[in-house]
Amino acid sequence: MLTDYLPVLIQIGLAVFFAVAILGFSHLMGQRARTNSLKDSAYECGMLPEGRAGARFSVKFYLVAMLFIIFDIEVVFLIPWVLVYRDFLSQNLPILFPVLFFILVLVVGLIYELKKGVLEWDK
Amino acid sequence: MPSEVLPLIIKALIVIGAVMTMAGYAVLMERKIAGWIQGRPGPNRTQIPILGSIPVIGTFLTRLGVFQPAADGLKFLFKEDALPGHVNKFYYVLAPMIAFVPAMATMTVLPFGQYTGADGVTVPIVLANLDIGILFILAVSSLGVYGIILGGWAANSKYPFLGGIRASAQMISYELAMALSILPVFMWFGGTLNLHAVVQGQYQVWTIFAQPVSALIFLVALFAETNRLPFDMPESETDLVAGYNTEYGAFKFGLFFVAEYTHIIIGSGVFVALFLGGWTLPFVPIPDGIAGAIISIGIFLAKVFALVFFFMWIRWTLPRFRYDQVMNLGWKKLLPLAIANLVVYAIIIALIENLG
């Protein structure tokens, strides 16, 4: 069973090998130039860099990340349902309405967050 | 057990080589199509000394720009491998690799052909025929965003930083719609996540006709996930210079580039397998044996490149969205649409099962 995943391991190993080999080869073959203080400073369209690079950024990005986690877990919960859905139906087990209720709860959450203006980027 | 591992390594090498070559030629294709759409010739000068001077063929190939990817690759290789003083050196070097490895690992479970042996058993041509198929693709391909974020952050510069932040929010937003849009497909084919099973279910009717809305959502999300125009927020040349790879050069930039085009090719492959019937053509049986294997791979690649052409056509046709428009489309339109789509197909399948 686990040997089915052997090609995946090989593929990842080869990809890592290629990445390291390409970068190493590029480092060996690449030309060298002297460094200077301008070359060692961040590119800001020719101006001298000002302020810190990792500046503060909008809190919206954090909110998007948190919402993503909630909804991604929803998707993960739905995947097993998708797998067994037809089997359950053919055996007349109740599955449609429980899952619709589950989705309803999440849709209410989505509507709530939209009404709260979480994703109003222009405000 | 080296005797079992060696063929696997050779197969993996062939596939990686093929996909990296395709990524190189996709770049050429992009430039040629851009030229064609904008009424200019595109790359048509690059020559290889002996091959390029053959009277008719050499000129033709030169005009076609066939040698351009080789020149691009060599140029990546011989440029100064700059490591600027202001970057966070370890992560700066690590980021291109992190972008590259998931792009290459995704293709492991993507079947691209079939082989029917003498015993009549049809097996897919794939590196690893896993039952979790699409789950693996979703999981691994989304790891690529780490490379972009890390690249943007490690460059320690404002434009890459903004590009990385934008990329992360955009890619996680569209991942939801993407994952939700393909659930009805797997529900339709009855409880499997294996891509080979989905392709085999499409001999008569391609899924794109049975589930056009799923296909549309998946396609839009695919554009966003691969950072293609009109969703290329992470790069957006006009406002962020070059986004997350502003501070990169030589093959460190090249790895990001190869990863991006590999994502496009693999993403097109997934779309073809899920919605366009994979390596099947309607009502045309695929012969047994090696001939069938070659034909099926050919059909699959033709469909993939048709879709890659579509990607490029869109890129040179549409302008870029504004960032708030991108996020609105993802959260307020595609996500509710994907949920509605899922519910509708759940009800349809319930009706079919109860009536039939």
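All figures in this text were calculated on a predicted structure; none of them were measured in a lab.

Quick notes on the overall build of chain B
Working step 1: Each helix and strand in chain B was counted, giving 15 helices and two strands.
Working step 2: Relative to a compact globule of 356 residues, whose C-alpha radius of gyration would be 21 Å, chain B shows 21 Å and is just as compact.
Working step 3: Across its three principal axes, chain B shows a C-alpha extent of roughly 65 × 55 × 50 Å.
Working step 4: Expressed as a percentage of the 356 residues in chain B, the buried residues total 57%.
Working step 5: In chain B, of all internal contacts separated by at least 6 residues, the share reaching a separation of at least 24 is 77%.
Working step 6: By element, 72% of the accessible surface of chain B is carried by carbon and sulfur atoms, the whole surface being about 14,200 Å².

Notes on the confidence of the model for chain B
Working step 1: For chain B, the mean per-residue pLDDT works out to 83, and 99% of the residues sit at or above 70.
Working step 2: On the interface metric, ipTM, the complex scores 0.85, and its pTM is 0.88.

Overview of the interface of chain A and chain B
Working step 1: Contact with chain A, which involves 68 residues of that partner, is made by 77 residues of chain B.
Working step 2: Buried area between chain A and chain B, both sides added, is near 6,400 Å², and the carbon and sulfur share of it is 77%.
Working step 3: Of all residues in chain A, the largest losses of buried area upon contact with chain B belong to A:Gln11, A:Leu23 and A:Arg86, amounting jointly to 12% of the total for that side.
Working step 4: Summed over the shared surface of chain A and chain B, the result is zero salt bridges.

A look at the pattern of salt bridges
Residue and element names in this part refer to chain B.
Working step 1: For the structure on display, the rule yields four salt bridges over all chains.
Working step 2: Where Arg228 meets Glu30, a salt bridge forms, and the shortest distance between an N and an O atom there is 3.0 Å. Placement of the pair is Arg228 in the loop between α11 (212-225) and α12 (237-240) and Glu30 in helix α1 (residues 2-37), with a sequence separation of 198 residues.
Working step 3: On the accessibility criterion, Arg228 (1% relative accessible area) is buried.

Things to note about the domain arrangement of chain A
Working step 1: We note that the domain assignment places domain 1 (2-40) and domain 2 (59-116) within chain A.
Working step 2: Measuring from the centre of the C-alpha atoms in domain 1 of chain A to the corresponding centre in domain 2 of chain A gives 40 Å.

A short note on the packing of helix α2 (residues 60-90) of chain A against helix α3 (residues 96-115) of chain A
Residues and elements named next belong to chain A.
Working step 1: Taken N-terminus to C-terminus, the directions of α2 and α3 make an angle of 165 degrees; their axes are 12 Å apart at the nearest point. Here α2 lies roughly antiparallel to α3, going by the angle between them. Crossing hand, α2 versus α3: left-handed. From α2, Leu67, Phe71, Glu74, Phe77, Leu78, Trp81 and Tyr85 reach across to α3, where they touch Leu96, Val99, Phe102, Ile103, Leu106, Leu110 and Glu113.

Remarks on the packing of α11(B) against helix α13 (residues 250-275) of chain B
All names here are of chain B.
Working step 1: Axis separation between α11 and α13 bottoms out at 11 Å; the angle between their running directions is 175 degrees. In terms of orientation, α11 and α13 fall into the roughly antiparallel class. For the pair α11 and α13, contact is made by Ser214, Ala215, Phe218, Leu219 and Leu222 and by Gly267, Ser268, Val270, Phe271, Leu274 and Phe275, respectively.

A look at the side chain of B:Thr108
Working step 1: Tracing the sequence through the fold places B:Thr108 in the loop between α5 (89-106) and β1 (114-116).
Working step 2: A distance of 2.4 Å separates the side chain of B:Thr108 from the backbone oxygen of B:Ala105, its partner in a polar contact.
Working step 3: Residue contacts for B:Thr108: discarding those within four places in its chain leaves A:Pro7, A:Val8, A:Gln11, B:Val126, B:Leu127, B:Ala128 and B:Phe136.

Some words on the environment of A:Arg52
Residues and elements named next belong to chain A.
Working step 1: Here Arg52 is to be found in the loop between α1 (6-29) and α2.
Working step 2: Using a relative accessible area of 64% as the deciding quantity, one classes Arg52 as exposed.
Working step 3: Along the primary structure Arg52 and Pro80 are separated by 28 residues, whereas in three dimensions their C-alpha atoms are 46 Å apart.

Structural notes on the confidence of the model for chain A
Working step 1: Counting all residues, the mean pLDDT for chain A is 81, and 96% of those residues have values of 70 or more.
Working step 2: The spread of mean pLDDT over the elements of chain A runs between α2(A), the lowest at 84, and α3(A), the highest at 87.

So, how was this worked out
- Residues numbered from 1 in each chain as written.
- Chains lettered and ligands numbered in written order.
- Predicted model: local features only at pLDDT ≥ 70, side-chain atom pairs only at ≥ 80, totals over all residues.
- Heavy atoms only, no water.
- Helix = DSSP H or I, 4+ residues; strand = E, 2+ residues; numbered from the N terminus.
- Rg over C-alpha atoms; globule rule 2.2 N^0.38 Å.
- Buried < 20%, exposed > 50% of the residue type's maximum accessible area, 1.4 Å probe, protein only.
- Contact = heavy atoms within 4.5 Å.
- Areas by Shrake-Rupley, 256 points an atom, 1.4 Å probe, with all protein chains shown as cover.
- pLDDT = per-residue confidence, 0-100.
- Buried area = accessible area lost by both parts, 1.4 Å probe.
- Salt bridge = Lys/Arg side-chain N within 4 Å of Asp/Glu carboxyl O.
- Domains from an automatic or database assignment.
- Axes fitted to C-alpha atoms, helices over the stretch in contact; angles between N-to-C directions.
- Parallel < 35°, antiparallel > 145°, perpendicular 65-115°, else oblique.
- Left-handed = near helix turned anticlockwise from the far one by under 90°.
- Polar contact = N/O pair within 3.5 Å; in protein donor to acceptor, adjacent residues only side chain to side chain.

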